[in-house]
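Geometric and topological summary
Each chain, letter by letter, is given below.
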Amino acid sequence: MTPPAPAITVKGLTMAYGSYVLQRDLDFTINRGDIFVIMGGSGCGKSTLLRHMIGLKQPAQGTVCYGKADFWALNEDERATIIRRAGVLYQSGALWSSMTLAENVALPLQHYTELSPEVIADLVAFKLSLVGLAGFEAFYPSELSGGMRKRAALARAIALDPDFLFFDEPSAGLDPISARNLDQLILELRESLGATVVIVTHELASIYAIATNSVFLDSEAKTMLATGNPKLLLRECADPTVLNFLTRGTGQREVRTV
Amino acid sequence: MQQEPHLSPDTGAQPPVFTLMRPGPGDLTVALTGSWTLHGHPPDPTNLLAALDQTVRRLYFTSDGLTHWDTRLLIFLTAILDTAGQRQIVVDRAGLPPGVRRLLTLSEAVPEQVTYSPTGRELLATRVGRAVLALVEQGREVATFTGEILLAILALLAGKKPFKAQDFWYFIQNCGIGSLPIVSLIAALVGVILSFVGAVQLQMFGAQIYVANLVGLGMVLEMGALMSGVIIAGRIGASYAAQLGTMQVNEEIDALRTMGISPVGFLVLPRILALMLMLPLLCVYADIMGILGGSVIGVTMLDLSLVEFLEQARKSIQLSQFGQGILKASVFGVLIGFAGCLRGMQCGRSALAVGEATTSAVVTSIVLIVVSDSFITYLLYR
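The structure reproduced in this document is the subject of the present report. (Residues numbered from 1 in each chain as written. Chains lettered and ligands numbered in written order. Predicted model: local features only at pLDDT ≥ 70, side-chain atom pairs only at ≥ 80, totals over all residues. Heavy atoms only, no water.)

This part takes up the overall build of chain A. Within chain A, the secondary structure is distributed over nine helices and 10 strands. By the burial criterion, 53% of the 258 residues in chain A qualify as buried. Within chain A, contacts between residues separated by at least 24 positions form 63% of all contacts whose residues are at least 6 apart in sequence. Accessible surface, chain A as shown: approximately 11,200 Å² in total, 50% of it carbon and sulfur. (Helix = DSSP H or I, 4+ residues; strand = E, 2+ residues; numbered from the N terminus. Buried < 20%, exposed > 50% of the residue type's maximum accessible area, 1.4 Å probe, protein only. Contact = heavy atoms within 4.5 Å. Areas by Shrake-Rupley, 256 points an atom, 1.4 Å probe, with all protein chains shown as cover.)

Turning our eyes to something else, we now look at the packing of helix 5 (residues 165-175) of chain B against helix 7 (residues 210-249) of chain B. All names here are of chain B. Between helix 5 and helix 7, the least distance of the axes is 11 Å, while the angle of their chain directions is 145 degrees. Contact residues: F171, N174 and C175 in helix 5; I232, R235, I236, Y240 and Q243 in helix 7. The residue makeup of the contact of helix 5 with helix 7, split by class, is five nonpolar, two polar and one charged. (Axes fitted to C-alpha atoms, helices over the stretch in contact; angles between N-to-C directions. Nonpolar A, V, L, I, M, F, W, Y, C, P; charged D, E, K, R; others polar.)

A few words on the packing of helix 4 (residues 117-130) of chain A against helix 3 (residues 98-108) of chain B. The contact between helix 4 of chain A and helix 3 of chain B brings their axes to 7 Å, and the two run at 80 degrees. The orientation of helix 4 of chain A with respect to helix 3 of chain B, classified from their angle, is roughly perpendicular. Across the interface between the two elements, F126, S129 and L130 of chain A from helix 4 of chain A touch L103, L104, L106 and S107 of chain B from helix 3 of chain B. (Parallel < 35°, antiparallel > 145°, perpendicular 65-115°, else oblique.)

A complete count under the given rule lists 13 aromatic pairs over all chains for this structure. Here the aromatic rings of F71 of chain A and W72 of chain A are separated by 5.3 Å at their centres, their planes lie at 90 degrees, and the arrangement is edge-to-face. Centre to centre, the rings of W36 of chain B and F76 of chain B are 4.7 Å apart; their planes meet at 55 degrees, and the pair counts as tilted. Taken together, the residues W36 of chain B in strand 2 (residues 27-36) and F76 of chain B in helix 2 (residues 71-86) connect sequence positions 40 residues apart. Comparing W36 of chain B with F76 of chain B, the two get one shared label, buried. Above the face of the W96 of chain A ring, R156 of chain A is positioned so that its terminal group lies 4.1 Å from the ring centre. Note that R271 of chain B overlies the ring of Y240 of chain B, its terminal NZ or CZ placed 5.3 Å from the centroid. (Phe/Tyr/Trp six-rings, centres within 6.5 Å; stacked < 30°, edge-to-face > 60°. Lys NZ or Arg CZ within 6 Å of the ring centre and 35° of its normal.)

Residues and elements named next belong to chain B. Read across the sheet, four strands follow the order 1-2-3-4 without closing on themselves; strand pairing throughout is mixed. A single partner strand is all that each edge strand has here, and the edge strands are strand 1 (17-21) and strand 4 (90-92). Here the average twist between neighbouring strands, direction ignored, is 20 degrees. Pairing of strand 3 (residues 58-69) with strand 4, which is carried by three bridges, proceeds in the parallel orientation. Counterpart to Y60 in the pairing with strand 4 is D92. (Pairing = 2+ DSSP bridges.)

It is worth spelling out the sheet that holds strand 1 (residues 6-17) of chain A at this point. What holds strands together in a sheet is hydrogen bonding between their backbones, with the strands either parallel or antiparallel. Residues and elements named next belong to chain A. Spatial strand order, 2-1-4-5: four strands in an open sheet with antiparallel pairing. Strands with a single pairing partner mark the edges of an open sheet, and in this sheet they are strand 2 (20-31) and strand 5 (69-70). By the bridge criterion, five bridges tie strand 1 to strand 4 (residues 61-66) in an arrangement that is antiparallel. Bridging from a neighbouring strand, T9 pairs with C65 of strand 4.

On to the side chain of T48 of chain A, then. Residue and element names in this part refer to chain A. The topology assignment puts T48 in helix 1 (residues 46-53). In this structure T48 comes out as buried when scored by relative accessible area, which is 10%. At a separation of 3.4 Å, a polar atom in the side chain of T48 contacts the side chain of Y17. Excluding its chain neighbours within four sequence positions, the residues that come into contact with T48 are M15, Y17, L22 and K57. (Polar contact = N/O pair within 3.5 Å; in protein donor to acceptor, adjacent residues only side chain to side chain.)

Let us now look at the interface of chain B and chain A. Each partner contributes residues to the interface: chain B has 29 residues there, and chain A has 35 residues. For the pair chain B and chain A, the summed buried area comes to about 2,700 Å², and 67% of that belongs to carbon and sulfur atoms. Linking E188 of chain A and R102 of chain B is a salt bridge whose minimum nitrogen-to-oxygen distance equals 3.3 Å. Counting across the chain B and chain A interface gives three residue pairs in polar contact (both at pLDDT 80 or more). Sorting the residues of the side of chain B that touches chain A by element identifies helix 2, helix 3 and helix 12 (351-381) of chain B as the ones contributing at least two each. Tallying contributions element by element places helix 3 of chain B first for the side of chain B that touches chain A, with six residues. (Buried area = accessible area lost by both parts, 1.4 Å probe. Salt bridge = Lys/Arg side-chain N within 4 Å of Asp/Glu carboxyl O.)

Another aspect to go through is the pairing of strand 9 (residues 213-218) of chain A. Residues and elements named next belong to chain A. Burial runs high along strand 9: six of the six residues are buried. With burial as the criterion, each face of strand 9 is covered, one bearing N213, V215 and L217 and the other bearing S214, F216 and D218. Sheet topology note: the strand 3 (residues 35-40)/strand 9 ladder contains five bridges and is parallel. Directly across from V37, in strand 9, lies its bridge partner S214. By the bridge criterion, four bridges tie strand 9 to strand 10 (residues 223-227) in an arrangement that is antiparallel. Bridged to V215 within strand 10 is T227.

In this section: helix 6 (residues 180-203) of chain B. Since the α-helix packs 3.6 residues into each turn, any two residues three or four apart lie on the same face. Between its terminal C-alpha atoms helix 6 of chain B stretches 33 Å, which fits the 34 Å expected from 24 residues at 1.5 Å a residue. Taken residue by residue, helix 6 of chain B has V183, S184, A187, V190, G191, S195, G198 and A199 of chain B as its buried positions. (Expected span 1.5 Å × (residues − 1).)

Right, let's get into helix 9 (residues 263-301) of chain B. Residue and element names in this part refer to chain B. Across its 39 residues, helix 9 extends 54 Å between first and last C-alpha, which sits within 8% of the 57 Å expected from 1.5 Å per residue. Its axis deflected by about 35 degrees at L269, helix 9 carries its strongest bend there, up to four residues before the proline P270. Taken from the residues just after helix 9, D303 is the one with a positive phi, measuring 55 degrees. (Bend = angle between axes of the 7 residues up to and from the residue.)

Next up, the structure:
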């Protein structure tokens, strides 16, 4: 194995809405191939941190680096080139409601590659079969269940074989079995595609099952309280807030797997 | 710029190539070399598919020379594996990269069952039948909606409060005062146009003063109500459809229903009432603005004095004619509110559906306005 290479580095990041500071002094590194979890209670800025990483919101201070490139110091075209290597699964799926699943998955391919329509159709069919939706090409998002919509959105997120996969609350609104299957799918795709995965979640089951690294944000301290593998944090972290979160308020340091 | 996410990108991109080898009788080995990505041009698999004939019993792969790969390679392999499967050839995937093997397995996992096929061409008769059924269904919806509104009105008359007073005043303010600027502009210009058209003709007979009659009657009987109706259909009817449509998309209307609150009473009734009350007032305002607009032409082009013009206009209008315009405006208000809210409530659950609901609300309102206008005029002059 090669030594871990930093894929995304966040340095001294301050996130703010106007003069209201959400989080300050965030420092952490995401290595290539990591499954990195952004965790913390509701309203602490997890999703906002994700928005800073995928180019939807500019930091008030500090940097987000992809490899060695300081993302927000680049011009718009260079940023677009980087973000093209990322696939994003939004909280509610965010499939385009006026397009069929096939059109949803095909759009990034049509936009960024010069493949023939036949090849794109094959690719779309393959991506849909990866998420267990083979044969659903002609369906509209509104004709699917919540879990199927999430998976269809995942197929769209991996359309361009991304290096980075971002997930905002992937298991929100799913039953435990669907959530676990989605976790397995994420793991499987990470293994096979070799992508770096960043997940925003507060699902402990999913955090212990898949995370290799994490950062814990706190809304009261307005900064991060810990970073590292959540299983190690559970054993070693001294901070009472983090421990409270990781043990679901019981304080017992044992890994619960579902 | 080309991005090669897989394996180590240390070699330059070589063209994707496959070569066929036959190590033993009944065996075929496909050697994959080069860079198989979305940005390359993989070879045509026709030869390979043709080579999978009766003589081949086992298929192997080698991928030692494979530098990069992504889903492009996978769809190439899927085509081969499908054919091999059909011809009952045993496939050994051990020579493929582990990531490729895993993705292939994943894609072959038991998929969700497709429960029905949403597309496909239908017979003409089937489509006509569907259209008729849809029309019947729509008629039923309109009837139900009307009934629900009547029930909500009954509830209101019985002293219940189906909606919040605050909402009602907001709608009053929004469609009343909020519409004054645009109504002023349009009504004054319509007055100018009427006056101008009349002036050119009546000047020929030396009957300039009757331009005031034309403008006065034209505005009061027709144009005041019609123009404010059309403006409100675009400004307010469309926004009602979009508001209710978005609430439908967000399941807000379902939330009201499950709490036992009638969405028609809570959302639709205050909107329709606000329009019913405000449109007549806007109509009166438009009448005045129109006559003032017309008088500008009277004063500047026809050498009439302002007082003369206004007096002549006043004399030409009877109170009943004034009332006729107001009656029409009130009817238009109800129709615009009805069409806007109906389309909003019927809205489907997608962004496209909200757009369609908005368009349809405006079109329906304008059609209803013109049709009901002719109908009322016919009844009154019979």
